[in-house]
Amino acid sequence: MLKCLLVALTCGALHAAAIRGTVVEKQSGKPLARALVVVQPLAGSNGATASVRTKPNGSFEFPGLPAGWYVVSASKTGFARVEYGQKSWFSAGTPVALAESGEIGLRLAVPHFGAIGGRVIDDNNVGVPNCTVFAYRNTRPPELVGQAVTDDRGVYRVFGLAPGDYLTRTGALTNEIGVYLPTFARESLTVDGANGSGAALDRDSLYADVHPIAGRLFTVSGTVSISSSGLAQATVTLVSDVGPQVQTSGLDGRFTFERVAPGAYELYAQGFDATSRRTVAAWLPVEIAGNRAGIALDLAPLPSVRFSFVDTSGKPVDPNGLPFLARRKDLSGPGRTEYLRLDSGGQARLDLGRWEVALGPNASWYVAGFSGPGARTTGGPPAGWNEIAVAPGNALLAVEVVLLPHPGRLRGVVASGGQPAAGAPVFLEAIDPASGLRWGDLRVTRAGVDGQYVFAGLAPGAYRVASTFEYQAPDWAAMTRAGAREVRIEQGGEAAQDPELWVMP
Amino acid sequence: MLLAGAGLHGAAIRGSVVSYEGGEPLSQAQVVLRAVAGSGGATRTARTDSSGVFVFSTVSAGTYLVSASRQYSVPAYYGQKRWDSAGLPVTVEANDSPMLTIRMHRWGAIAGRVVDENDVGIPGQDVVAYRDAKALQAIGRATTDDYGRYRIYGLTPGTYLVRSGAKEVDGVSYLPAFAPSSPEMDQARRVDVQLDQDATGIDVSPAQGRLFEVQGRVSGDAPVELTLAGETGRQTISVSGSFRFNPVAPGQYELYGTTPSPANCRASGLAGAYMKLAVDRDMTGLAVALSCVEPTRISYSMPPAKGPSRGLGNLRARRVDLAGIGDAINLGVGAATAVLAPGQWEMLLQPPAGYSVSGFYLQAGAASGFGIRPDGWLAFTAGGYGNVYFSLSENPSSLRGVVTGTDPQNAKGVPVYVEGYDPGTKIRIGELRTVYTNARGAYNCSGLAPGAYRVLATFEYLAPDSATMEISGAKTVTVWGSDPQTLDVDLFVIP
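Keep in mind it's a predicted model, so treat the numbers as computed, not measured.

**Overview of the overall build of chain B**
Part 1: Secondary structure assignment for chain B yields two helices and 43 strands.
Part 2: When its C-alpha atoms are laid out on the principal axes, chain B stretches across 80 × 60 × 50 Å.
Part 3: When each of the 495 residues of chain B is scored for burial, the buried share is 44%.
Part 4: Pairs at least 24 residues apart make up 66% of the contacts formed inside chain B by residues separated by at least 6 positions.

Written out as structure tokens, the structure reads:
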């Protein structure tokens with residue numbers, strides 16, 4: 001089949017083929033209107049990525065496609081994305097082979113995400129209304145992923161969850177019934193005593209009841225001011241690991257946050273100085289163990305952050321065209337990733353707080369060094385995310401990024417039973433030479449029609465590579481199960497590794 | 001021995017508060033014990049313990065009303081026939097110790113799904129519940145989950161309409177629709193809501209149609225809180241310079257916003273803007289010009305206090321826009337200015353004891369308050385220069401009488417409802433007043449502004465609305481001057 005198709009592909013003039021099908025709700029089989037269906041040709045196939053929305057009856061059609069191999073996926077708001085041919089939710093889809101003048105009919109069944117629910121209850125098993133419940137991935141530290149508020153019966157439901165293990169925790173709560181501390185299900189102030197809940201697609205896990213523990217909450221208050229013009233009004237944000245609380249200070253600059261649970265917080269304030277017509281801001285990490293009054297937040301113009309890019313000899317490197325990424329990070333986790341916008345002087349305006357910066361995939365350069373205010377790498381080499389602190393009190397903060405040219409490449413052929421494995425997902429992870437564990441983010445590509453794959457823009461170091469349809473984003477342990485092979489990448493070098501397609505026994 | 005002897009003096013009233021549905025004990029419910037005038041002692045409160053139990057010890061012999069309240073439960077009165085009827089008084093003799101059980105209802109709810117043409121749920125859809133009345137007044141809201149499900153709770157029993165909002169999702173726009181699938185109110189399904197129950201299966205299938213953009217630019221660079229209000233609700237966004245709301249259905253809208261501006265607007269510290277929009281196409285390039293909000297100056301005219309100053313009364317205000325009446329805010333006692341965002345507002349002066357609001361005059365702004373009785377909510381336009389004058393009169397009118405048509409023993413603690421009333425429009429003026437008869441069956445309602453009132457004495461209702469006052473045969477009376485008017489009323493019992 002593959003040989004025939006390859007022959008067809010090399011013949012040049014091809015007759016158009018088509019992929020048709022329907023998208024349905026997996027649970028009910030009802031047609032899904034306006035689902036987004038995407039066909040993506042494998043490397044080595046003709047044609048380009050195309051997308052279409054399903055008709056009211058759930059049908060879709062891609063007429064006029066060149067013959068080749070395609071990965072077909074479907075998504076819709078409120079549903080999990082699926083790829084055609086997935087064995088399970090965590091496995092990758094299998095590409096379909098479209099012959100010249102051929103026609104393929106597909107049915108894609110789209111599941112709902114998982115949900116975790118339960119009740120927040122008092123001593124008499126009576127529901128506690130209007131209580132915010134947070135859902136975290138069951139990691140250390142827990143990662144906030146969603147929230148909900150209990151209804152009049154004390155019932156909550158956090159939805160849109162990928163399959164996995166989660167923890168639920170109530171927020172600080174004061175009502176006529178009492179004062180309660182943030183409490184993990186079923187009744188624990190600490191992560192160690194928390195009950196986990198499993199989320200699965202198309203299923204509600206509804207037994208994550210929480211019985212909040214009574215305790216004492218505190219008041220955090222203070223004043224924002226502008227040193228040049230005195231008191232000011234500003235937006236003040238108090239952030240903890242369960243997210244932000246926002247308020248606008250009074251005309252006298254005063255702010256007060258009531259019912260604050262003990263713990264670590266960050267205070268941000270941002271306002272507008274009508275005199276200088278500039279945005280002014282303040283940032284202050286605080287530890288709350290009792291009432292805190294008289295916190296002074298002096299608003300100052302946002303510092304400029306000047307990025308300089310040099311090579312190892314100190315020679316400037318032109319950053320134009322390089323995809324630098326940035327994301328703000330607070331106690332509730334990293335924010336949205338955006339492209340770092342630099343002006344002609346290499347300066348960027350970043351809000352106060354901690355930021356992470358990385359160079360996106362790039363075939364010409366890799367980051368070999370990073371320095372700046374409070375700089376540290378976060379869970380990987382400098383080629384991954386690097387943290388800086390944009391603190392008040394400085395007009396200009398300098399960040400230096402050391403770039404090296406000629407990153408390495410890794411290429412190879414994925415084989416299955418001696419044949420190239422067309423469209424097989426290939427996974428690459430950098431590993432810490434000391435611990436052997438993953439360092440930084442997983443990289444994913446798909447083999448082409450001939451089984452060939454390439455990873456470019458790799459910083460020198462140790463890596464592991466594996467290929468399998470069984471996973472979409474394998475963790476370190478899954479990579480090990482999939483027979484990941486180690487490979488070393490040198491600067492400017494091109495390593496080769498031909499992984500065998502792994503199939504779960 | 002002495003303590004035991006002391007404990008024998010006085011009665012005790014004890015009891016438990018439980019849920020109506022399952023009978024579970026309700027902890028931390030607030031229980032109020034109020035003596036009927038001329039009987040017993042002062043009003044006392046207690047909270048139920050973790051077993052739902054409350055105790056009022058050393059209670060004087062007398063007649064009492066007992067009530068319980070708890071978050072998200074229907075306030076309950078001991079002895080009430082229905083949830084919306086008044087409680088019956090409890091009479092205790094010395095050394096009595098009655099045990100009362102108060103059952104608390106849960107408010108009603110409406111639940112259903114918002115679905116597309118294939119009966120697949122539409123997530124993230126706003127759903128609004130309205131009272132079934134000519135003028136739509138949103139009572140409750142919810143947003144659909146990933147299965148398109150919604151549940152609107154906290155609803156008083158009655159008939160409701162349910163409408164989904166405008167929504168863009170997956171490349172298509174849905175127009176607002178009443179359940180089951182009509183854009184028109186007269187074809188909407190009427191939903192009967194009862195306590196302790198969910199009215200389920202109230203699905204909405206909205207039609208697809210065209211929504212319109214509302215976008216533009218606010219003058220200046222300062223961050224502004226901008227609100228777009230329409231019949232189906234409000235969208236509020238924080239903007240700096242340009243703005244864009246989620247697309248909206250065609251219709252009438254109000255656009256308003258404010259920003260702190262202490263340097264440029266020294267009088268109010270606030271800049272704002274207000275405009276009306278008729279959206280029948282994409283509204284792009286809207287220019288929203290901020291100008292300084294002028295404080296509305298409030299003046300009070302009242303006779304000099306004969307005794308210690310009693311203050312000028314508490315002033316309250318609430319915004320009224322196309323989405324309905326907003327929450328009331330307190331402007332304070334004797335407020336001299338009101339800094340309110342531009343737009344339509346209503347103001348209510350709650351007079352100090354011994355006074356009534358006898359006059360209201362607007363020097364500028366909307367004249368819609370003119371001719372309306374000054375003791376109710378008074379409409380005016382805020383944001384521009386304006387003066388509001390209130391006149392307070394000493395020795396306001398009062399209404400007194402006895403409740404007749406029943407055994408005098410049963411006329412104790414009867415709720416008497418006094419409603420300010422406009423005979424022309426037949427609408428209620430201000431808020432309903434409730435007084436209780438004393439141990440002799442007499443009532444006294446003081447602090448009334450001159451004008452027409454309706455009076456109803458009954459245990460059948462807790463807070464009767466205007467229509468209920470009408471069908472229950474409430475008596476009409478006009479009060480004037482400072483001399484008490486006398487009006488005896490029969491106890492109304494539903495036949």
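That covers the picture; the talk isn't over yet.
**Quick look at the overall build of chain A**
Part 1: Within chain A, the secondary structure is distributed over two helices and 45 strands.
Part 2: Overall size of chain A, expressed as C-alpha extent along the three principal axes, is 80 × 65 × 45 Å.
Part 3: By the burial criterion, 41% of the 505 residues in chain A qualify as buried.
Part 4: Of all intrachain contacts in chain A linking residues separated by at least 6 positions in sequence, the fraction that spans at least 24 positions is 67%.

**Re the environment of Ala457 of chain B**
All names here are of chain B.
Part 1: Of note, Ala457 is situated in strand β40 (residues 451-458).
Part 2: We classify Ala457 as buried; it has 30 C-beta atoms within 10 Å.
Part 3: In this view, Ala457 contacts Val403, Val414, Val416, Val489, Leu491 and Phe492; residues no more than four positions away in its chain are not counted.

**A few points about the confidence of the model for chain B**
Residues and elements named next belong to chain B.
Part 1: Considering every residue of chain B, the mean pLDDT works out to 87; 94% of them sit at 70 or more.
Part 2: Scored below 50 in pLDDT, residues 1-8 makes one contact in the model with residues more than four places away or belonging to other chains.
Part 3: For residues 365-371, every residue scores under 50 in pLDDT, and the model assigns this stretch 14 contacts once sequence neighbours within four places are set aside.
Part 4: For this predicted complex, the interface score ipTM comes out at 0.81, while the overall pTM is 0.82.

**With respect to the sheet that holds strand β18 (residues 198-199) of chain B**
Residues and elements named next belong to chain B.
Part 1: Taken in spatial order, the three strands make up an open sheet running β12-β9-β18, and their pairing is mixed. The open sheet has two edge strands with one neighbour each: β12 (149-155) and β18.
Part 2: Bridge count for strand β9 (residues 108-113) against β18 is two bridges, and the pairing is parallel. From the neighbouring strand, Ile110 faces β18, where its bridge partner is Ala199.

**Structural notes on the sheet that holds strand β37 (residues 408-413) of chain A**
Hydrogen bonds between backbone groups are what pair the strands of a sheet, and the pairing can be parallel or antiparallel.
All names here are of chain A.
Part 1: What the three strands build is an open sheet, ordered β42-β37-β45; its pairing is mixed. Here the strands that pair on one side only, and so sit at the sheet edges, are β42 (452-458) and β45 (494-496). Strand-to-strand twist of the sheet, defined as the mean angle between neighbouring strand axes without regard to direction, takes the value 20°.
Part 2: The pairing of β37 with β45 spans three bridges and is parallel.

**Looking at the interface of chain A and chain B**
Part 1: Every contact between the two is made by 34 residues of chain A and, on the other side, 37 residues of chain B.
Part 2: Here the element with the most residues in the side of chain A that touches chain B is strand β12 (residues 155-161) of chain A; it accounts for three residues.

**A look at the environment of Arg151 of chain B**
Part 1: Tracing the sequence through the fold places Arg151 of chain B in strand β12.
Part 2: Other than its neighbours up to four places away in sequence, Arg151 of chain B contacts Asp151 of chain A together with Ala109, Ala111 and Ala142 of chain B.

**A word on unusual backbone geometry**
Part 1: Between Ala185 of chain A and Arg186 of chain A the backbone carries a cis peptide bond, its omega angle lying at -5°.
Part 2: The residue Arg186 of chain A is located in the loop between β15 (178-181) and β16 (196-199) in this model.
Part 3: The omega torsion across Ala179 of chain B and Pro180 of chain B is 5°, close enough to zero to call that bond cis.
Part 4: Relative to the helices and strands, Pro180 of chain B resides in the loop between β16 (177-178) and β17 (191-193).
Part 5: Backbone geometry at Asp202 of chain A places phi at a positive 60°, although glycine is not the residue there.
Part 6: Structurally, Asp202 of chain A can be placed in the loop between β16 and β17 (204-205).
Part 7: Within the chain, Thr58 of chain B stands out as a residue other than glycine whose phi angle is a positive 45°.
Part 8: Take Thr58 of chain B: it is sitting in strand β4 (residues 53-59).

**Observations concerning the domain arrangement of chain B**
Part 1: Each assigned domain of chain B is listed with its residue range as follows: domain 1 (2-104), domain 2 (108-199), domain 3 (214-292), domain 4 (296-394) and domain 5 (397-492).
Part 2: With centres defined by C-alpha atoms, the gap from domain 2 of chain B to domain 4 of chain B works out at 36 Å.

**What to know about the pairing of strand β1 (residues 11-19) of chain B**
All names here are of chain B.
Part 1: Among the nine residues of β1, seven are classified as buried, and the element is accordingly described as predominantly covered.
Part 2: Pairing of β1 with strand β8 (residues 99-104), which is carried by six bridges, proceeds in the parallel orientation. Within the sheet, the bridge partner assigned to Ser16 lies in β8 and is Thr101.

**Some details on the domain arrangement of chain A**
Part 1: According to the domain assignment, chain A contains domain 1 (2-110), domain 2 (114-214), domain 3 (219-294), domain 4 (304-405) and domain 5 (408-496).
Part 2: For domain 1 of chain A and domain 2 of chain A, the distance between their C-alpha centres works out to 39 Å.

**Points about the pairing of strand β32 (residues 353-359) of chain A**
For a regular strand, side chains alternate in direction, first toward one face of the sheet and then toward the other.
Residues and elements named next belong to chain A.
Part 1: Across the seven residues of β32, six count as buried, placing the element largely inside the fold.
Part 2: Of the pairings in the sheet, the one linking strand β28 (residues 324-330) to β32 comprises six bridges and is antiparallel in character. The residue bridging Lys329 from the neighbouring strand is Arg354, located in β32.
Part 3: As defined by bridge partners, β32 adjoins strand β35 (residues 386-390) across five bridges and the pair is classed as antiparallel. Counterpart to Glu356 in the pairing with β35 is Glu387.

**A few points about the environment of Trp480 of chain B**
Residue and element names in this part refer to chain B.
Part 1: Mapping Trp480 onto the fold places it in the loop between β41 (475-479) and β42 (485-486).
Part 2: C-alpha separation for the pair Trp480 and Pro396, spaced 84 residues apart in sequence, amounts to 8.3 Å.
Part 3: Setting aside chain neighbours within four positions, we find Trp480 in contact with Ser397 and Pro450.

What counts and how
- All chains use their own residue numbering, which begins from 1 and follows the written sequence.
- Here every chain gets a letter starting at A, and every ligand a number starting at 1, in the order they are written.
- Local features in a predicted model are, by the rule used here, given only for residues with pLDDT of at least 70; side-chain atom pairs are given and counted only at 80 or more, and totals for whole chains, interfaces and linings are based on all residues.
- A run of H or I in DSSP counts as a helix once it spans at least four residues, and a run of E counts as a strand once it spans at least two, with each numbered from the N terminus.
- With C-beta atoms placed from the backbone, a residue counts as buried when 20 or more other C-beta atoms lie within 10 Å of its own, as exposed when 12 or fewer do, and as partly exposed for counts between those limits.
- Here, residue contact means that the backbone-derived C-beta atoms of the two residues sit within 7 Å.
- The predictor reports its confidence for every residue as pLDDT, a score running from 0 up to 100.
- Here, a strand pair is defined by DSSP locating no fewer than two bridges between the strands.
- Each axis is a line fitted through C-alpha atoms, taken for helices only over the stretch in contact, and angles between the N-to-C directions span 0 to 180 degrees.
- Residue ranges labeled as domains rest on an automatic or database domain assignment.

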